[in-house]
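Letter by letter, the chains look like this.
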Amino acid sequence: MTLRAGRSFQALILALMGLYLLSRIWNGNILLYINQRFVVLVFLAGLCLVVLAQFLYAERLEENNNREVLADSWKLNLWWLTIPILIGFLIPARPLSPSAVVNRGVSMDAPLSARIEDTASLLSLSPTERTVLDWIRLFSYSEDIQQFVGQPVDVTGFVFSDGRLSDSQFMVGRFTITCCVADATALGMIVEYPGFAVLKEHSWVRVQGTIDLLERDGRLFPMILAKSVEAVPQPEQPYLFP
Amino acid sequence: MWSKTKELTHHQTNPVNQTGAGRLLRSLPIMIVVIGVVLAGMTRLQQVFNWQNGIVVAITEGVGNFSAVFLGIFIEAAPFLLMGTLASGLVEVIFTSAELGRLLPRNRFLAVGLGSVLGLFFPVCECGSIPLARRLMSKGIPVPVGIAFLLAAPVINPIVIASTFTAFGNSLIFWLRFALTLFIAIGVGLLFLFEPDRSRILRPASAGTFHAFHLHYDHEGDPQSLYFKEKIKKMMVVAADEFFEMGRFLVIGALLAALMQTIVPQQWLLSLGQGPVLSVIVLSLVAVLLSVCSTVDSFIALAFSGTFSTGALLAFLVYGPMVDIKATLMYLRVFRRSIVVLLVLLPWLLTLIAGVAINLWVR
């Protein structure tokens, strides 16, 4: 491979990578991979890659570039860097599936990414608008959790069972993403629902009911007394961003 | 100029590459690309024909999760890597080699200390700090200072300080994280004062890219004499070359971390270690295997805080940013192998000692 060909390949790879990032931002799929607060950074990186590609493409015409290059490792780098582009373009963009919860474990309480101790903005939301994340935050940082008992709940999440729960209980969960999918953690709320046996594990449901408290190991956790549980398709944006 | 090129090609056809292992290593990326295309085709077909066979669904789901985690890490880290390589390119065109060394304080201890807090002015995470550290060292920054920068910069920088504060507030863990990191970075850095011969620490300015490039500009003398436009061009090409060189290890590291996350259950890892000593060992290894960026690891540590001791959390927060899968691979590119072993083991031992001590005596 001559240096000229090598530079052209580099330019091609950088341009494709930049366009990949920009196209994911354009169609919104970027949020399947990273938290929204990093989107601007990725956008700048995408632009920067395209500009770099332009510089390299111009560079290929420089003198000396007909020389036969180059170290094996130099050529190998080209191959390695095509892998993210291929995976990105070829494998259909899908969010982390709920089945991943088996490998990742669940948290029901305080270990929350964004520690917002100020619950005022959450309290001002109408109870049925709160997500699983909002509820768990409220329970972790409110002084008086008795005030929530009896409030109506309407949350969407995926079903998963936990050996520690009784037969009529399951958990409804969502993945929260602080930075990128690699740090996805499932947050879950316990749901009391006698008809649980008919629900499919890891399927998406909308749970409506009222809040109650459950005591476990000397701590109080929120529990939903479900009036209805209906199967729903996976939401557009399956993750919650703290 | 031509003789130099010949030397280069000669250097590359070293016997290692002729052995079976070398050949395997070289065909590895191509194999991964082929496997990737096959699996991608399969997931497409599964979607088109809507196969519901249990095994097919399990595989496509696995592939989906794997690619989501891989792309997550790559997309998240690529901008930081790019920032690091651009900074490195900038250093390359602004400073002549002697200049940068002269800016440092004369006192060697002071210089190493300065190196460890340099991250405050170059906010890069571990992917970016390695190319930058190498560039600084090649521009006359002494090796001990470079190493202190390398180990400390991923933690001692404004972004990470802010994210750790968000996660832990004004707590013991917050202060100890930075104190321990500084202590280890300066300690390991000072150790390198005993080896003044930098050729025994650094790998020879790595093959191919740089030389191909430097040859081209060498005849124009030192960077000061380049025109502005030339400088910009040189900066861009240096940055791009380095992006490819280090990007390779980012890709490998992200592949391994994604594989790990798809196959090994976290609970299983975490159930391995409890108790003041084992918990520290386990969580520091988890940090290596997870390979998450230093900007977010404090949030992940928070998720572990219910089950793990303070010492273990600190080990996770201190050791993880210094050494993880992708960083180790990048180290191998910059340093000689024996030095990489030292850079991986020494901070680990220091972290263990500190973590266990905190578990036993502080709380």
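The sections below set out a description of the structure shown in this document. Please read all numbers here as calculations on a predicted model, not as lab measurements.

Secondary structure summary: chain A contains six helices and seven strands in total. Counted from the first residue to the last, chain A has its helices and strands arranged as α-α-α-α-β-α-α-β-β-β-β-β-β. Here chain A holds 242 residues, and 55% of them are scored as buried. Counting contacts in chain A only where the partners sit at least 6 residues apart, residues at least 24 apart contribute 70% of the total. Carbon together with sulfur atoms contributes 57% to the accessible area of chain A, which is approximately 10100 Å² in total.

Turning our attention to the packing of helix α9 (residues 172-191) of chain B against helix α17 (residues 337-362) of chain B. Residues and elements named next belong to chain B. The N-to-C vectors of α9 and α17 enclose an angle of 145 degrees; their axes lie 10 Å apart at closest approach. The handedness of the crossing between α9 and α17 is right-handed. In this structure, α9 uses Leu-172, Leu-176, Leu-180, Ile-184, Val-188 and Leu-191 to contact α17, whose residues at the interface are Leu-343, Leu-346, Pro-347, Leu-350, Thr-351, Ala-354, Ile-358 and Val-362. For the contact of α9 with α17, the class distribution of residues is 13 nonpolar, one polar and no charged.

For the rest of this paragraph, the subject is a nonpolar patch on the surface. On the surface, Met-1, Phe-9, Leu-12, Leu-16, Phe-89 and Leu-90 of chain A together with Val-37 of chain B cluster together to form a nonpolar patch covering roughly 550 Å² of accessible area. Those elements that place two or more of their residues in the nonpolar patch are α1 (3-27) and α3 (72-90) of chain A. At three residues, the largest contribution of residues to the nonpolar patch is made by α1 of chain A. Turning to its location among the elements, Leu-90 of chain A is positioned in helix α3.

Let us now look at the packing of aromatic side chains. Working definition: an aromatic ring pair is given by the centre-to-centre distance plus the angle between the planes. All names here are of chain A. In this structure the tally under the stated criterion is 13 aromatic pairs over all chains. Taken together, a centroid distance of 5.3 Å and an interplanar angle of 45 degrees make the contact between Phe-158 and Phe-175 tilted. Of this pair, Phe-158 sits in strand β2 (residues 152-160) while Phe-175 sits in strand β3 (residues 169-176), and the two are 17 residues apart along the sequence. Here Phe-158 and Phe-175 have matching classes, each one buried. An angle of 85 degrees between the planes, with centres 5.5 Å apart, marks the rings of Phe-158 and Trp-204 as edge-to-face.

Think of two packed helices as two axes; the pair is described by the angle between the axes and how far apart they sit. Residue and element names in this part refer to chain B. At a closest axis distance of 9 Å, the pairing of helix α5 (residues 108-117) and α9 adopts a crossing angle of 135 degrees. In terms of their interaxial angle, α5 and α9 are classed as oblique. In this structure, the crossing between α5 and α9 has a hand that is right-handed. Together, Phe-109, Val-112, Gly-113, Ser-116 and Val-117 of α5 and Leu-182, Ile-186 and Leu-190 of α9 make up the contact between the two elements. Considered class by class, the residues forming the contact of α5 with α9 number six nonpolar, two polar and no charged.

Our focus in this paragraph is helix α13 (residues 278-290) of chain B. Residues and elements named next belong to chain B. Between the first and last C-alpha of α13 there are 18 Å, a value that for 13 residues agrees with the 18 Å anticipated at 1.5 Å per step. Those residues of α13 not exposed but buried are Ser-279, Val-280, Val-282, Leu-283, Ser-284, Val-286, Ala-287, Val-288 and Leu-290. Of the residues flanking the end of α13, it is Ser-291, one or two places downstream, whose phi is positive at about 50 degrees.

The rules behind each value
- Residues numbered from 1 in each chain as written.
- Chains lettered and ligands numbered in written order.
- Predicted model: local features only at pLDDT ≥ 70, side-chain atom pairs only at ≥ 80, totals over all residues.
- Heavy atoms only, no water.
- Helix = DSSP H or I, 4+ residues; strand = E, 2+ residues; numbered from the N terminus.
- Buried < 20%, exposed > 50% of the residue type's maximum accessible area, 1.4 Å probe, protein only.
- Contact = heavy atoms within 4.5 Å.
- Areas by Shrake-Rupley, 256 points an atom, 1.4 Å probe, with all protein chains shown as cover.
- Axes fitted to C-alpha atoms, helices over the stretch in contact; angles between N-to-C directions.
- Left-handed = near helix turned anticlockwise from the far one by under 90°.
- Nonpolar A, V, L, I, M, F, W, Y, C, P; charged D, E, K, R; others polar.
- Patch = residues over 30% accessible without salt bridge, like charges linked within 9 Å, V, L, I, M, F, W, Y side chains within 5 Å.
- Salt bridge = Lys/Arg side-chain N within 4 Å of Asp/Glu carboxyl O.
- Phe/Tyr/Trp six-rings, centres within 6.5 Å; stacked < 30°, edge-to-face > 60°.
- Parallel < 35°, antiparallel > 145°, perpendicular 65-115°, else oblique.
- Expected span 1.5 Å × (residues − 1).

Such coordinate-based values are descriptive only and should not be taken to indicate function.
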